[in-house]
Structure formats: structure tokens, C-alpha cells
Amino acid sequence: MSRKLPGFGLSMGIVVFWLSAIVVVPLVALVGKATTLPWEGWSRILLDPRTLAAFRVSVACSLAAAALNALMGTVVAWILVRYPFPGRRLVDALVDMPFALPTAVAGITLTSLWSPHGWLGAPLAELGVRVAYTPLGIVLALAFVGLPFSVRTVQPVLEELPGEVEEAAGLLGADRLQTLSRVVLPALRPAILAGFALSFARGLGEFGSVVFISGNLPGRTEIVPLLVMQKLEEFKAPEAAVLGVGMLALSFLFLLPANWLQTRLRRRR
């Protein structure tokens, strides 16, 4: 029978206090601020066509960016773990750059690059493809800030997955596609799903990197965090809190099933 480590009670008390102060209390305060409005105010704000359009843009672009990160993040993690090459440590460090770079700076940089006169946007503009001030620009900005989550959740699992497993599959007659689909991906699926969920949650509330490149066109490229900022600038804090509660509910509705599915996949493995 295992014994608890010494100091468990004190450590658990510190953890509960810290999580309450940093996470629980602010969330309770957000809900409390929103409840100062009557239910008619909630329906007026959340069912407003402009609000619904902003939620649609935020959710759709966050899902697209998370799916893109799930694919490319897995490829990046695979390269970093499975193949030694010159400059690998530099590439590994670059993955974490979105964490260190202020999101507003990232937004300005991405806008200048993908605008019709930017280095990357100009050639595409000549082909009739616009990136900046379109939903595509929002997806790229969210993919930028969410990429580290996908890479860093898949990378440790790949490091623990011995290369001998793939070699054994090859010796048993499996080709590369069969090895990938039947050996590697089942082991990586929970980590890929976790990275997808984290990237989606990060993108749903992103503001700084999106506000410049989106163009903020109501009904087309306007996101929910921008509406929140507008409400705060108009000194309508309860209405801003209602929008925040709506985003919080969306995140929980997505993250809870994702965590449940991730746990189930791990138990199967």
C-alpha cells in the first residue's frame, strides 16, 4: 500500500488556493458581472446578428487553424524527433517563438507580410488570392499562435515511441503507409487531439494577432474578442462579460468532449 508523500496536505492546500485565486475567482467574477444584466439583455446581446456572425467567424477560423496545426504540427514534431539535421536545435527553438513574441507585434508583422503589397501577399494578389483582411488571414494568424501547442504535445510522445516499433512493422511486411496508419498514428492520436483542442481554445480567444490582419469587417471578418473590446471601450462591462461567458461556454463545450475522447483513446492504447 503506497503512502502519501510528506507535506501532501500543505501542498494540496497551496494548489487549491493558487488555482482558486488565478482561475476560479476570475471566472466566478466574470459570470457574476454578466448576471447583473437581466435575461432579456443576454438574449439581446447573444442573439444579435452581428454577435452571431462574430461567433461564427471565431469558431470556424479557430477550428480551421487547429486542424492545420494538427497536421503540420505533427509533421514538424516528426522531423524534429526522427531526423538529425544541421540546425535542428534552431528549428526546435523557433517553434516556441509565438509564445515569446507579443501577439500585437505578430499581428502587425503578419499583416505587412500578407497584405496585397507585402512580400508574401503580393505574389498571391497577382493570382487573385487575397489573404489579409479575409478569413484566410485570420486562419493563418491563429495557426501562427497555436502551432507550439500541437508540436509540444506530439513531440514527447514521439520521443517515447521507439523507432524499433516501426522497423518491426517493416520486417513483418508492412509498407510505410501501413506503418504510419496502423502503428504510428494510433499511438499519436491522443496527443494530436490534445494539441488540436489546445490550439482551438487558444485561437478562440486570440485578439492581438488577429485584430490587424482581419480587417474587422462586421459579418465577415469580425471576431468576438473585438466585440468585447468595443463593449469595454463603451463602458458596457456587463455586456462584455456576457460575450465572455458565451466564449467560455463554447470552450467548455468543445474541450470537455475532447478531453473525454483523449482519455478513452489512451485507455484503448
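Residues numbered from 1 in each chain as written. Predicted model: local features only at pLDDT ≥ 70, side-chain atom pairs only at ≥ 80, totals over all residues. Heavy atoms only, no water.

Caption draft 1: Just empty space enclosed by the protein, in detail. Evaluation of the coordinates by the stated rule reveals 2 cavities of 30 Å³ or more. Each pocket or cavity is described by its volume, and for the largest cavity that value is around 50 Å³. Ser58, Cys61, Ser62, Ile138, Leu142, Gly203, Leu204, Glu206, Val210, Ile223 and Pro225 are the residues that line the largest cavity. Counting residues per element, the lining of the largest cavity draws most heavily on helix H3 (residues 49-82), which supplies 3 residues. Here the lining of the largest cavity is composed, by residue class, of 7 nonpolar, 3 polar and 1 charged. Roughly 30 Å³ of internal volume is contained in the second largest cavity. As for the second largest cavity, its lining consists of Trp114, Ser115, Pro116, Gly121, Ala125, Val129, Arg130, Val131 and Ala132. Partitioning the lining of the second largest cavity into residue classes produces 6 nonpolar, 2 polar and 1 charged. (1 Å grid on protein atoms, 1.4 Å probe; cavity = no way out; pocket = protein on both sides within 12 Å on 5 of 7 lines; lining within 4 Å. Points joined across faces, edges and corners; volume = space filled by probe spheres on them. Helix = DSSP H or I, 4+ residues; strand = E, 2+ residues; numbered from the N terminus. Nonpolar A, V, L, I, M, F, W, Y, C, P; charged D, E, K, R; others polar.)

Caption draft 2: Here's a closer look at the packing of H3 against helix H12 (residues 224-233). The N-to-C vectors of H3 and H12 enclose an angle of 135°; their axes lie 8 Å apart at closest approach. For the element pair H3 / H12, the angle class is oblique. On H12, the residues touching Arg50, Thr51, Ala54, Phe55 and Ser58 of H3 are Val224, Pro225, Leu227 and Gln230. (Axes fitted to C-alpha atoms, helices over the stretch in contact; angles between N-to-C directions. Parallel < 35°, antiparallel > 145°, perpendicular 65-115°, else oblique. Contact = heavy atoms within 4.5 Å.)

Caption draft 3: Geometry of a nonpolar patch on the surface. On the surface, Phe8, Met12, Val15, Val16, Phe17, Trp18, Leu19, Ile22, Val23, Val24 and Val28 cluster together into a nonpolar patch covering about 1000 Å² of accessible area. Its location among the elements puts Val28 in helix H1 (residues 8-34). (Patch = residues over 30% accessible without salt bridge, like charges linked within 9 Å, V, L, I, M, F, W, Y side chains within 5 Å. Areas by Shrake-Rupley, 256 points an atom, 1.4 Å probe, with all protein chains shown as cover. Salt bridge = Lys/Arg side-chain N within 4 Å of Asp/Glu carboxyl O.)

Caption draft 4: Inspection of the confidence of the model for the protein at higher detail. Overall, the prediction assigns the protein a mean pLDDT of 87, with 93% of residues at 70 or greater. Across the protein, H3 holds the top mean pLDDT of 93, while helix H9 (residues 163-171) sits lowest at 70. (pLDDT = per-residue confidence, 0-100.)

Caption draft 5: Helix H6 (residues 103-114), seen in detail. For H6, built from 12 residues, the straight-helix expectation of 16 Å at 1.5 Å per residue is met to within 8% by its first-to-last C-alpha distance of 16 Å. Taken as a whole, H6 has its buried residues at Ala106, Gly107, Leu110, Thr111 and Trp114. On an axial view of H6, the arc spanned by its buried residues comes to 130°, and they lie on one face. (Expected span 1.5 Å × (residues − 1). Buried < 20%, exposed > 50% of the residue type's maximum accessible area, 1.4 Å probe, protein only. Arc of directions from axis to C-beta.)

Caption draft 6: Summary view of the nonpolar core. Grouped together as the largest cluster of nonpolar side chains are 34 residues, with contacts concentrated most on Val154 and Leu158. Broken down by secondary-structure element, the contributors of at least two residues to this core are helix H2 (39-46), H3, helix H8 (135-160), helix H10 (176-204), H12 and helix H13 (237-268). Leave out the neighbours within four places in its chain, and Val154 touches Thr74, Ala77, Leu188, Ala191 and Ile192. Residues Val57, Leu110, Trp114 and Ile213 belong to the second largest nonpolar core, which totals 17 residues. (Core = buried A, V, L, I, M, F, W, Y, C linked by side-chain atoms within 4.5 Å.)

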